[in-house]
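# Working through the structure, step by step
Given next are the chains, with one letter for each unit.
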Amino acid sequence: MNAMQIANSMPMWITCGVAVVLVIAQAVIFVKKAFEAGPKVGLSKEQMKHAVKSSALTSIGPSIVILSGMLSLLISVGGPMAWMRLSFIGSVMFESIAAGIGTGSVGVALGVDELTPLALTMAVWTMILGSIGWIIFSTFAADKMDKVQKKMSGGNSAVMGLISTGAMIGVFSSMVAQRVVTLNKNALATVLGAILMYVMMQLSKKVPALKEWNLTIAILVAMVIVAVI
Amino acid sequence: MSNSNFYENEYLPQMHKIGKLIGVLAVCASFFPAIVLGLVYGLWPNWSALATCFVSAAASFAFLWFMEPISYYPVVGPVGTYMAFVSGNISNMRIPCASMAQVSAAVEPGTNQGSIIATIGMGVSIIINVVILSVGVIGGQAILSALPAEVTAALNYLLPALFGALFVQFAMKSLKLSGIVLVLACILYVAINSGVFNFIPGASNWLGTLVCVFGAIAINILMNKGKKEA
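None of the values given here were measured: they were computed from a predicted structure.

### Re the overall build of chain A
Of the regular secondary structure elements, chain A holds nine helices and zero strands. The order of α-helices and β-strands along chain A, N terminus first, is α-α-α-α-α-α-α-α-α. Here chain A has a C-alpha radius of gyration of 22 Å; the compact-globule value for 229 residues is 17 Å, and the former is much larger. The buried share of chain A, reckoned over its 229 residues, is 55%. In chain A, the share of contacts with a sequence separation of at least 24, taken over all contacts with a separation of at least 6, comes to 56%. Of the roughly 9,200 Å² that chain A leaves accessible, carbon and sulfur atoms contribute 72%. Placing the 16 positive and 8 negative side-chain charges of chain A at their respective mean positions leaves the two points 12 Å apart.

This is the structure we're talking about:
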(Lines give C-alpha, C1' and ligand atoms only; values in the text may rest on other atoms or scores of the structure.)
Protein backbone atom coordinates (compact mmCIF):
# COMPACT_ATOMS: atom_id res chain seq x y z
CA MET A 1 0.00 0.00 0.00
CA ASN A 2 1.33 3.45 -0.82
CA ALA A 3 0.98 6.44 1.48
CA MET A 4 -2.14 7.81 -0.21
CA GLN A 5 -3.93 4.45 -0.06
CA ILE A 6 -3.18 4.29 3.66
CA ALA A 7 -4.25 7.92 4.15
CA ASN A 8 -7.58 7.19 2.44
CA SER A 9 -8.16 3.73 3.98
CA MET A 10 -11.23 2.60 5.90
CA PRO A 11 -9.54 2.53 9.36
CA MET A 12 -8.55 6.19 8.85
CA TRP A 13 -12.10 7.16 7.84
CA ILE A 14 -13.49 5.43 10.94
CA THR A 15 -11.10 6.99 13.46
CA CYS A 16 -11.38 10.45 11.92
CA GLY A 17 -15.15 9.95 11.92
CA VAL A 18 -15.08 9.45 15.71
CA ALA A 19 -13.65 12.95 16.16
CA VAL A 20 -16.16 14.49 13.76
CA VAL A 21 -19.03 12.79 15.60
CA LEU A 22 -17.68 14.22 18.86
CA VAL A 23 -17.76 17.78 17.48
CA ILE A 24 -21.33 17.30 16.26
CA ALA A 25 -22.34 15.79 19.62
CA GLN A 26 -20.92 18.80 21.45
CA ALA A 27 -22.77 21.22 19.20
CA VAL A 28 -26.06 19.34 19.55
CA ILE A 29 -25.80 19.03 23.35
CA PHE A 30 -24.92 22.71 23.85
CA VAL A 31 -27.65 23.94 21.49
CA LYS A 32 -30.20 21.69 23.19
CA LYS A 33 -29.17 22.95 26.65
CA ALA A 34 -29.30 26.54 25.39
CA PHE A 35 -32.83 26.00 24.04
CA GLU A 36 -33.91 24.62 27.42
CA ALA A 37 -32.25 27.48 29.30
CA GLY A 38 -33.52 30.21 26.95
CA PRO A 39 -37.07 30.63 28.29
CA LYS A 40 -35.75 30.63 31.86
CA VAL A 41 -33.63 33.72 31.20
CA GLY A 42 -36.46 35.43 29.36
CA LEU A 43 -35.78 34.55 25.71
CA SER A 44 -38.74 33.93 23.42
CA LYS A 45 -39.02 31.04 20.93
CA GLU A 46 -39.06 33.68 18.18
CA GLN A 47 -35.71 35.12 19.27
CA MET A 48 -34.08 31.70 19.33
CA LYS A 49 -35.48 30.85 15.89
CA HIS A 50 -34.08 34.11 14.52
CA ALA A 51 -30.69 33.21 16.03
CA VAL A 52 -30.68 29.81 14.31
CA LYS A 53 -31.68 31.27 10.95
CA SER A 54 -29.19 34.12 10.87
CA SER A 55 -26.33 31.95 12.12
CA ALA A 56 -27.12 29.36 9.44
CA LEU A 57 -27.04 32.04 6.74
CA THR A 58 -23.81 33.52 8.10
CA SER A 59 -22.17 30.06 8.16
CA ILE A 60 -22.51 29.38 4.47
CA GLY A 61 -19.89 31.80 3.12
CA PRO A 62 -17.07 30.88 5.55
CA SER A 63 -17.88 27.15 5.14
CA ILE A 64 -17.31 27.38 1.41
CA VAL A 65 -13.99 29.13 1.99
CA ILE A 66 -12.97 26.35 4.41
CA LEU A 67 -14.14 23.76 1.87
CA SER A 68 -11.84 25.19 -0.78
CA GLY A 69 -8.99 25.14 1.74
CA MET A 70 -9.75 21.47 2.35
CA LEU A 71 -8.86 20.74 -1.29
CA SER A 72 -5.20 21.59 -0.77
CA LEU A 73 -5.05 19.56 2.43
CA LEU A 74 -6.89 16.65 0.81
CA ILE A 75 -4.23 16.31 -1.84
CA SER A 76 -1.41 16.37 0.71
CA VAL A 77 -2.68 14.25 3.64
CA GLY A 78 -5.73 12.40 2.23
CA GLY A 79 -9.47 12.80 2.63
CA PRO A 80 -10.06 11.56 6.20
CA MET A 81 -7.41 13.74 7.87
CA ALA A 82 -8.37 16.85 5.87
CA TRP A 83 -12.04 16.31 6.71
CA MET A 84 -11.39 15.70 10.40
CA ARG A 85 -8.84 18.48 10.91
CA LEU A 86 -11.07 21.18 9.43
CA SER A 87 -14.18 20.03 11.30
CA PHE A 88 -12.27 19.72 14.53
CA ILE A 89 -9.80 22.11 16.22
CA GLY A 90 -8.08 23.27 13.08
CA SER A 91 -7.76 26.04 10.61
CA VAL A 92 -6.41 25.73 7.08
CA MET A 93 -3.32 27.82 7.85
CA PHE A 94 -2.28 25.83 10.93
CA GLU A 95 -2.88 22.43 9.35
CA SER A 96 -0.85 23.05 6.22
CA ILE A 97 2.08 24.53 8.16
CA ALA A 98 2.05 21.67 10.70
CA ALA A 99 1.77 19.03 7.97
CA GLY A 100 4.66 20.69 6.13
CA ILE A 101 6.85 20.68 9.23
CA GLY A 102 6.07 16.97 9.77
CA THR A 103 6.86 15.77 6.26
CA GLY A 104 9.85 18.11 6.01
CA SER A 105 11.51 16.44 8.99
CA VAL A 106 11.93 13.25 6.96
CA GLY A 107 12.93 15.06 3.78
CA VAL A 108 9.59 15.20 1.95
CA ALA A 109 8.50 18.66 0.77
CA LEU A 110 4.70 18.78 1.18
CA GLY A 111 2.88 19.17 -2.13
CA VAL A 112 6.14 18.83 -4.11
CA ASP A 113 7.61 15.38 -3.41
CA GLU A 114 5.63 12.17 -3.37
CA LEU A 115 4.27 11.42 0.10
CA THR A 116 5.89 8.41 1.81
CA PRO A 117 4.17 6.41 4.57
CA LEU A 118 6.69 7.73 7.12
CA ALA A 119 6.15 11.33 5.99
CA LEU A 120 2.38 10.84 6.33
CA THR A 121 2.88 9.52 9.88
CA MET A 122 5.08 12.49 10.79
CA ALA A 123 2.51 14.93 9.36
CA VAL A 124 -0.36 13.33 11.30
CA TRP A 125 1.56 13.36 14.60
CA THR A 126 2.77 16.94 14.16
CA MET A 127 -0.76 18.19 13.39
CA ILE A 128 -2.02 16.50 16.55
CA LEU A 129 0.76 17.52 18.94
CA GLY A 130 0.81 21.07 17.58
CA SER A 131 -2.88 21.65 18.20
CA ILE A 132 -3.83 19.99 21.48
CA GLY A 133 -2.37 22.99 23.37
CA TRP A 134 -5.42 25.06 22.32
CA ILE A 135 -7.91 22.50 23.65
CA ILE A 136 -6.03 21.78 26.86
CA PHE A 137 -5.57 25.45 27.77
CA SER A 138 -9.06 26.60 26.79
CA THR A 139 -10.75 23.63 28.45
CA PHE A 140 -9.00 24.09 31.76
CA ALA A 141 -8.93 27.89 31.78
CA ALA A 142 -12.55 28.63 30.76
CA ASP A 143 -13.99 28.60 34.31
CA LYS A 144 -10.96 30.47 35.69
CA MET A 145 -11.34 33.23 33.08
CA ASP A 146 -15.02 33.40 34.03
CA LYS A 147 -13.97 34.17 37.62
CA VAL A 148 -11.38 36.74 36.52
CA GLN A 149 -13.94 38.56 34.37
CA LYS A 150 -16.45 38.66 37.23
CA LYS A 151 -13.81 39.98 39.60
CA MET A 152 -12.71 42.67 37.11
CA SER A 153 -16.27 43.89 36.63
CA GLY A 154 -17.05 43.57 40.34
CA GLY A 155 -20.22 41.70 39.39
CA ASN A 156 -21.53 44.94 37.86
CA SER A 157 -23.62 44.02 34.82
CA ALA A 158 -23.13 47.42 33.17
CA VAL A 159 -19.37 46.87 33.22
CA MET A 160 -19.84 43.31 31.86
CA GLY A 161 -21.72 44.86 28.95
CA LEU A 162 -18.92 47.37 28.34
CA ILE A 163 -16.36 44.54 28.35
CA SER A 164 -18.29 42.50 25.80
CA THR A 165 -19.11 45.37 23.42
CA GLY A 166 -15.51 46.57 23.65
CA ALA A 167 -14.17 43.07 22.97
CA MET A 168 -16.42 42.63 19.96
CA ILE A 169 -15.36 45.94 18.42
CA GLY A 170 -11.73 45.10 19.23
CA VAL A 171 -11.89 41.74 17.44
CA PHE A 172 -13.46 43.11 14.30
CA SER A 173 -11.21 46.20 14.26
CA SER A 174 -8.24 43.87 14.44
CA MET A 175 -9.49 41.70 11.56
CA VAL A 176 -10.28 44.76 9.43
CA ALA A 177 -7.06 46.68 10.20
CA GLN A 178 -4.91 43.61 9.51
CA ARG A 179 -6.32 43.47 5.95
CA VAL A 180 -6.71 47.18 5.25
CA VAL A 181 -3.04 48.00 5.92
CA THR A 182 -1.94 45.58 3.18
CA LEU A 183 -3.41 48.02 0.59
CA ASN A 184 -4.00 45.20 -1.90
CA LYS A 185 -7.15 43.53 -3.22
CA ASN A 186 -7.87 42.07 0.22
CA ALA A 187 -8.00 45.62 1.56
CA LEU A 188 -10.38 46.59 -1.22
CA ALA A 189 -12.63 43.60 -0.44
CA THR A 190 -12.71 44.61 3.24
CA VAL A 191 -13.65 48.21 2.47
CA LEU A 192 -16.26 47.20 -0.12
CA GLY A 193 -17.78 44.68 2.31
CA ALA A 194 -18.08 47.50 4.83
CA ILE A 195 -19.65 49.98 2.40
CA LEU A 196 -22.13 47.46 0.98
CA MET A 197 -23.13 46.39 4.49
CA TYR A 198 -23.88 50.03 5.32
CA VAL A 199 -26.00 50.31 2.16
CA MET A 200 -27.86 47.07 2.99
CA MET A 201 -28.53 48.23 6.55
CA GLN A 202 -30.12 51.45 5.25
CA LEU A 203 -32.06 49.53 2.61
CA SER A 204 -33.43 46.95 5.03
CA LYS A 205 -34.85 49.71 7.21
CA LYS A 206 -37.27 50.26 4.34
CA VAL A 207 -37.59 46.58 3.35
CA PRO A 208 -37.44 44.61 6.63
CA ALA A 209 -37.63 41.25 4.83
CA LEU A 210 -34.06 41.85 3.64
CA LYS A 211 -32.63 42.16 7.14
CA GLU A 212 -31.43 38.59 7.59
CA TRP A 213 -29.87 38.60 4.11
CA ASN A 214 -27.90 41.86 4.65
CA LEU A 215 -24.61 40.20 5.41
CA THR A 216 -24.83 37.47 2.77
CA ILE A 217 -25.72 39.92 0.01
CA ALA A 218 -23.06 42.44 1.07
CA ILE A 219 -20.19 39.96 1.14
CA LEU A 220 -21.13 38.11 -2.05
CA VAL A 221 -21.47 41.33 -4.06
CA ALA A 222 -18.19 42.66 -2.62
CA MET A 223 -16.44 39.40 -3.51
CA VAL A 224 -17.72 39.40 -7.09
CA ILE A 225 -16.79 43.08 -7.64
CA VAL A 226 -13.23 42.59 -6.36
CA ALA A 227 -12.79 39.40 -8.38
CA VAL A 228 -13.96 41.07 -11.59
CA ILE A 229 -11.77 44.19 -11.22
CA MET B 1 -33.26 37.61 40.24
CA SER B 2 -34.35 34.01 39.75
CA ASN B 3 -33.25 34.35 36.10
CA SER B 4 -29.67 35.03 36.99
CA ASN B 5 -29.74 32.45 39.79
CA PHE B 6 -30.76 29.79 37.32
CA TYR B 7 -28.02 30.88 34.89
CA GLU B 8 -25.25 31.12 37.49
CA ASN B 9 -26.18 28.21 39.74
CA GLU B 10 -27.63 25.64 37.36
CA TYR B 11 -26.83 26.35 33.73
CA LEU B 12 -23.17 27.43 33.95
CA PRO B 13 -21.93 24.72 36.35
CA GLN B 14 -23.50 22.05 34.14
CA MET B 15 -21.92 23.58 31.02
CA HIS B 16 -18.51 23.68 32.70
CA LYS B 17 -18.84 19.97 33.49
CA ILE B 18 -19.90 18.96 29.98
CA GLY B 19 -17.38 21.33 28.37
CA LYS B 20 -14.45 19.88 30.30
CA LEU B 21 -15.52 16.30 29.65
CA ILE B 22 -15.77 16.93 25.90
CA GLY B 23 -12.45 18.79 25.92
CA VAL B 24 -10.69 15.77 27.44
CA LEU B 25 -12.44 13.37 25.02
CA ALA B 26 -11.44 15.63 22.12
CA VAL B 27 -7.76 15.48 23.06
CA CYS B 28 -7.99 11.66 23.18
CA ALA B 29 -9.96 11.44 19.92
CA SER B 30 -7.43 13.55 18.09
CA PHE B 31 -4.81 10.83 18.68
CA PHE B 32 -6.94 7.98 17.23
CA PRO B 33 -5.81 8.35 13.59
CA ALA B 34 -2.14 8.38 14.67
CA ILE B 35 -2.65 5.26 16.78
CA VAL B 36 -4.43 3.50 13.92
CA LEU B 37 -1.47 4.20 11.66
CA GLY B 38 0.72 2.48 14.26
CA LEU B 39 -1.46 -0.48 15.20
CA VAL B 40 -2.93 -1.28 11.78
CA TYR B 41 -0.10 -0.34 9.44
CA GLY B 42 2.90 -0.51 11.79
CA LEU B 43 3.67 3.14 11.04
CA TRP B 44 5.12 4.85 14.09
CA PRO B 45 6.88 8.21 13.85
CA ASN B 46 10.61 8.67 14.07
CA TRP B 47 10.46 9.91 17.65
CA SER B 48 13.57 12.09 17.64
CA ALA B 49 12.49 13.75 14.38
CA LEU B 50 9.04 14.21 15.92
CA ALA B 51 10.60 16.04 18.87
CA THR B 52 12.13 18.58 16.49
CA CYS B 53 8.78 18.86 14.65
CA PHE B 54 7.05 19.58 17.94
CA VAL B 55 9.60 22.24 18.81
CA SER B 56 9.21 23.97 15.42
CA ALA B 57 5.41 23.81 15.59
CA ALA B 58 5.46 25.09 19.18
CA ALA B 59 7.80 27.92 18.21
CA SER B 60 5.20 29.16 15.73
CA PHE B 61 2.03 28.35 17.62
CA ALA B 62 2.60 27.97 21.38
CA PHE B 63 1.83 31.62 22.05
CA LEU B 64 -1.45 31.21 20.18
CA TRP B 65 -2.46 28.28 22.43
CA PHE B 66 -2.68 30.78 25.30
CA MET B 67 -3.29 34.12 23.59
CA GLU B 68 -6.26 33.06 21.44
CA PRO B 69 -8.40 31.68 24.27
CA ILE B 70 -7.60 34.78 26.37
CA SER B 71 -8.28 37.21 23.50
CA TYR B 72 -11.54 35.59 22.41
CA TYR B 73 -12.90 34.82 25.86
CA PRO B 74 -14.53 38.26 26.40
CA VAL B 75 -16.25 37.85 23.02
CA VAL B 76 -17.52 34.26 23.24
CA GLY B 77 -17.88 33.72 27.01
CA PRO B 78 -17.28 30.52 28.99
CA VAL B 79 -19.58 28.16 27.08
CA GLY B 80 -18.44 29.58 23.75
CA THR B 81 -14.82 28.95 24.72
CA TYR B 82 -15.45 25.22 25.11
CA MET B 83 -17.20 25.04 21.76
CA ALA B 84 -14.88 27.32 19.80
CA PHE B 85 -11.60 25.59 20.56
CA VAL B 86 -12.86 22.05 20.00
CA SER B 87 -14.36 23.01 16.66
CA GLY B 88 -11.73 25.49 15.42
CA ASN B 89 -12.23 28.17 12.74
CA ILE B 90 -12.93 30.75 15.43
CA SER B 91 -12.37 34.20 13.97
CA ASN B 92 -13.54 33.28 10.48
CA MET B 93 -16.72 31.49 11.49
CA ARG B 94 -17.67 31.00 15.17
CA ILE B 95 -17.46 34.66 16.21
CA PRO B 96 -19.25 36.02 13.11
CA CYS B 97 -22.08 33.50 13.59
CA ALA B 98 -22.39 34.09 17.33
CA SER B 99 -22.57 37.86 16.87
CA MET B 100 -25.01 37.79 13.95
CA ALA B 101 -27.25 35.50 16.02
CA GLN B 102 -27.18 38.11 18.81
CA VAL B 103 -28.05 40.87 16.36
CA SER B 104 -31.06 39.08 14.90
CA ALA B 105 -32.35 38.01 18.33
CA ALA B 106 -31.88 41.61 19.52
CA VAL B 107 -29.90 40.68 22.66
CA GLU B 108 -26.82 42.41 24.07
CA PRO B 109 -23.42 40.70 24.25
CA GLY B 110 -22.22 40.15 27.82
CA THR B 111 -25.70 39.41 29.19
CA ASN B 112 -27.00 35.95 30.11
CA GLN B 113 -29.41 36.11 27.18
CA GLY B 114 -26.59 37.14 24.87
CA SER B 115 -24.44 34.24 25.99
CA ILE B 116 -27.20 31.69 25.38
CA ILE B 117 -27.96 33.10 21.93
CA ALA B 118 -24.23 33.05 21.08
CA THR B 119 -24.11 29.37 22.05
CA ILE B 120 -27.02 28.60 19.72
CA GLY B 121 -25.34 30.56 16.92
CA MET B 122 -22.03 28.74 17.30
CA GLY B 123 -23.66 25.32 17.55
CA VAL B 124 -25.61 25.87 14.35
CA SER B 125 -22.48 27.07 12.55
CA ILE B 126 -20.55 23.96 13.66
CA ILE B 127 -23.25 21.66 12.32
CA ILE B 128 -23.42 23.48 8.98
CA ASN B 129 -19.63 23.54 8.67
CA VAL B 130 -19.38 19.78 9.24
CA VAL B 131 -22.23 19.03 6.83
CA ILE B 132 -20.70 21.14 4.05
CA LEU B 133 -17.23 19.64 4.60
CA SER B 134 -18.66 16.11 4.66
CA VAL B 135 -20.48 16.62 1.37
CA GLY B 136 -17.27 18.17 0.02
CA VAL B 137 -15.00 15.32 1.06
CA ILE B 138 -17.34 12.66 -0.35
CA GLY B 139 -17.83 14.55 -3.62
CA GLY B 140 -14.23 15.52 -3.00
CA GLN B 141 -12.00 16.69 -5.74
CA ALA B 142 -14.67 15.98 -8.34
CA ILE B 143 -16.79 18.90 -7.13
CA LEU B 144 -13.93 21.23 -6.31
CA SER B 145 -11.97 20.70 -9.50
CA ALA B 146 -15.16 21.27 -11.50
CA LEU B 147 -15.15 24.86 -10.20
CA PRO B 148 -13.45 27.23 -12.61
CA ALA B 149 -10.21 28.80 -11.32
CA GLU B 150 -11.90 32.23 -11.29
CA VAL B 151 -14.35 31.01 -8.66
CA THR B 152 -11.70 29.60 -6.33
CA ALA B 153 -9.67 32.81 -6.72
CA ALA B 154 -12.74 34.92 -5.96
CA LEU B 155 -13.33 32.96 -2.74
CA ASN B 156 -10.16 34.56 -1.32
CA TYR B 157 -12.06 37.84 -1.10
CA LEU B 158 -15.05 36.46 0.79
CA LEU B 159 -13.50 36.56 4.28
CA PRO B 160 -12.08 40.11 4.01
CA ALA B 161 -15.53 41.29 2.85
CA LEU B 162 -17.12 39.42 5.76
CA PHE B 163 -14.89 41.16 8.31
CA GLY B 164 -15.56 44.58 6.76
CA ALA B 165 -19.31 43.97 6.83
CA LEU B 166 -19.30 42.68 10.41
CA PHE B 167 -17.28 45.67 11.55
CA VAL B 168 -19.89 48.04 10.13
CA GLN B 169 -22.71 46.05 11.72
CA PHE B 170 -21.20 46.61 15.17
CA ALA B 171 -19.60 50.00 14.55
CA MET B 172 -23.03 51.56 13.87
CA LYS B 173 -23.94 50.96 17.50
CA SER B 174 -20.97 52.86 18.94
CA LEU B 175 -19.43 55.00 16.24
CA LYS B 176 -17.00 56.89 18.44
CA LEU B 177 -15.44 53.81 20.06
CA SER B 178 -15.21 51.96 16.73
CA GLY B 179 -13.58 54.91 15.01
CA ILE B 180 -10.92 55.30 17.69
CA VAL B 181 -10.18 51.58 17.92
CA LEU B 182 -10.00 51.12 14.15
CA VAL B 183 -7.50 53.96 13.72
CA LEU B 184 -5.36 52.64 16.58
CA ALA B 185 -5.59 49.09 15.16
CA CYS B 186 -4.36 50.27 11.75
CA ILE B 187 -1.39 52.05 13.37
CA LEU B 188 -0.67 48.90 15.39
CA TYR B 189 -0.69 46.65 12.32
CA VAL B 190 1.53 49.01 10.35
CA ALA B 191 3.98 48.85 13.27
CA ILE B 192 3.74 45.04 13.47
CA ASN B 193 4.25 44.65 9.72
CA SER B 194 7.28 46.93 9.75
CA GLY B 195 8.83 44.72 12.41
CA VAL B 196 8.68 47.05 15.42
CA PHE B 197 7.68 44.13 17.67
CA ASN B 198 10.00 41.50 16.20
CA PHE B 199 11.75 41.15 19.55
CA ILE B 200 8.62 39.43 20.95
CA PRO B 201 8.49 35.79 19.76
CA GLY B 202 5.71 35.15 17.22
CA ALA B 203 4.28 38.64 17.82
CA SER B 204 2.92 38.99 14.28
CA ASN B 205 0.55 36.08 14.95
CA TRP B 206 -1.12 37.09 18.19
CA LEU B 207 -0.16 40.59 19.33
CA GLY B 208 -2.62 42.48 17.11
CA THR B 209 -5.80 40.73 18.25
CA LEU B 210 -4.78 40.69 21.91
CA VAL B 211 -3.98 44.41 22.05
CA CYS B 212 -7.09 45.36 20.04
CA VAL B 213 -9.47 43.35 22.25
CA PHE B 214 -8.12 44.51 25.59
CA GLY B 215 -7.40 48.03 24.32
CA ALA B 216 -10.99 48.38 23.08
CA ILE B 217 -12.33 47.09 26.43
CA ALA B 218 -10.20 49.63 28.32
CA ILE B 219 -11.18 52.53 26.06
CA ASN B 220 -14.86 51.60 26.28
CA ILE B 221 -14.78 51.52 30.09
CA LEU B 222 -12.82 54.80 30.29
CA MET B 223 -15.16 56.58 27.86
CA ASN B 224 -18.25 55.59 29.81
CA LYS B 225 -16.70 56.39 33.15
CA GLY B 226 -16.00 59.93 31.90
CA LYS B 227 -19.62 60.26 30.79
CA LYS B 228 -21.01 59.49 34.23
CA GLU B 229 -18.73 61.97 35.95
CA ALA B 230 -19.55 64.75 33.46
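### Notes on the domain arrangement of chain A
For an interface, size is often stated in terms of accessible area lost upon the parts coming together. All names here are of chain A. When its domains are assigned, chain A resolves into domain 1 (1–154) and domain 2 (156–229). Listed as interface residues are eight residues of domain 1 and, on the opposing side, eight residues of domain 2. Both faces considered, domain 1 and domain 2 share a buried interface measuring about 840 Å² in area, 61% of it formed by carbon and sulfur atoms. Ranking the residues of domain 1 by area buried against domain 2 places Leu57, Gln149 and Ser153 at the top, with a combined share of 58%.

### Overview of the packing of aromatic side chains
This structure, assessed with the given rule, holds eleven aromatic pairs over all chains. Both rings, one in Phe172(A) and one in Phe170(B), keep their centres 5.5 Å apart while their planes meet at 15 degrees; by these two values the pair is stacked. Here Phe170(B) lies in helix α6 (residues 158–171) and Phe172(A) lies in helix α7 (residues 157–180), a pairing that spans two chains. We classify Phe170(B) as buried; its relative accessible area is 8%. Through a chain of ring-to-ring contacts, the aromatic side chains of Phe94(A), Trp134(A) and Phe61(B) assemble into a single cluster.

### Some words on the pattern of salt bridges
For the structure on display, the rule yields six salt bridges over all chains. Its salt-bridge partner being Asp143(A), residue Lys144(A) comes within 3.7 Å of it at the nearest N-O pair. By relative accessible area, which is 16% here, Asp143(A) ends up buried. Salt bridges sharing common partners tie together Asp143(A), Lys144(A) and Lys20(B).

### Things to note about the interface of chain A and chain B
Taken together, the contact between chain A and chain B spans 133 residues of the former and 135 residues of the latter. Both sides of the chain A and chain B interface together cover about 12,500 Å² of buried area, and 80% of this is carbon and sulfur. It is Phe30(A), Trp125(A) and Trp134(A) in chain A that bury the most area against chain B; as a group they hold 6% of the surface buried on that side. Summed over the shared surface of chain A and chain B, the result is two salt bridges. Note that Lys150(A) and Glu8(B) form a salt bridge whose closest N and O atoms lie 3.4 Å from each other. Applying the counting rule to chain A against chain B returns 23 residue pairs in polar contact (both at pLDDT 80 or more). Those elements giving two or more residues to the side of chain A that touches chain B turn out to be α2 (10–37), α3 (45–77), α4 (79–87), α5 (92–104), α6 (117–153), α7, α8 (185–206) and α9 (214–228) of chain A.

### Thoughts on the packing of helix α2 (residues 47–87) of chain B against helix α3 (residues 90–105) of chain B
Residue and element names in this part refer to chain B. Two elements in contact, α2 and α3, have axes whose closest approach is 11 Å; the angle formed by their N-to-C orientations is 120 degrees. In terms of axis orientation, α2 runs oblique to α3. Crossing of α2 against α3: the hand is right-handed. Facing Tyr72, Val75, Val76, Ala84, Phe85 and Ser87 of α2, the residues of α3 in contact are Ile90, Ser91, Arg94 and Ile95.

### Points about the side chain of Asp143(A)
As for its position among the elements, Asp143(A) is in helix α6. If near-sequence neighbours (up to four positions away) are discounted, Asp143(A) is found in contact with His16(B), Lys20(B) and Tyr82(B).

### Focus: the side chain of Ser63(A)
Its location among the elements puts Ser63(A) in helix α3. Take Ser63(A): its relative accessible area is 0%, and that puts it in the buried class. Those residues within four positions of Ser63(A) in sequence are excluded, and the remaining contacts are Met93(B), Ile128(B), Asn129(B) and Ile132(B).

Parameters at a glance
Along each chain, numbering runs from 1 in the same order as the chain's sequence is written. Working convention: letters from A go to chains and numbers from 1 go to ligands, in the order in which they are written. Owing to the predicted nature of the model, reporting of local features is limited to residues with pLDDT of at least 70; listing and counting of side-chain atom pairs is limited to 80 or more, with chain, interface and lining totals taken over all residues. Only hydrogens and water are set aside; all other atoms, that is, all heavy atoms of the structure, feed into the side-chain values. Secondary structure elements follow DSSP: runs of H or I no shorter than four residues count as helices, runs of E no shorter than two count as strands, and numbering proceeds from the N terminus. Only C-alpha atoms enter the radius of gyration; for comparison, a globular chain is expected to reach 2.2 Å times N to the power 0.38, where N is the number of residues. Relative accessibility thresholds used throughout: buried, under 20% of the residue-type maximum; exposed, over 50%; partly exposed, between the two (1.4 Å probe, protein chains only). A contact between two residues is defined here by any heavy atoms of the two lying within 4.5 Å. Here, Shrake-Rupley sampling with a 1.4 Å probe gives the accessible areas, and only protein chains in the shown set may cover a residue. In this tally, Asp and Glu contribute negative charge and Lys and Arg positive charge; neither His nor the terminal groups of the chain are included. Where a charge sits is defined by one atom per residue type, namely NZ (Lys), CZ (Arg), CG (Asp) or CD (Glu). An automatic or database domain assignment provides the domain bounds reported here. The term buried area means the drop in 1.4 Å probe accessible area that two parts suffer when joined, counted for both and summed. Here is the rule: rings of Phe, Tyr and Trp (six-membered ring for Trp) pair when centre to centre is within 6.5 Å. Planes less than 30 degrees apart are stacked, more than 60 are edge-to-face, and the remainder are tilted. Every case where a carboxyl oxygen of Asp or Glu lies within 4 Å of a side-chain nitrogen of Lys or Arg is listed as a salt bridge. Residues adjacent in sequence count toward polar contacts only when both atoms are side-chain atoms; beyond that, a polar contact is any pair of N or O atoms within 3.5 Å, and within protein one must be able to donate a hydrogen and the other to accept it. Note on definitions: angles span 0 to 180 degrees between N-to-C directions of axes, and those axes are lines fitted to C-alpha atoms, for helices only across the stretch in contact. Here is the rule for angles: anything less than 35 degrees is roughly parallel, anything more than 145 is roughly antiparallel, 65 through 115 is roughly perpendicular, and the remaining ranges are oblique. In this scheme, a crossing is called left-handed if the near helix is turned counterclockwise away from the far one by less than a right angle; it is called right-handed if the turn is clockwise.

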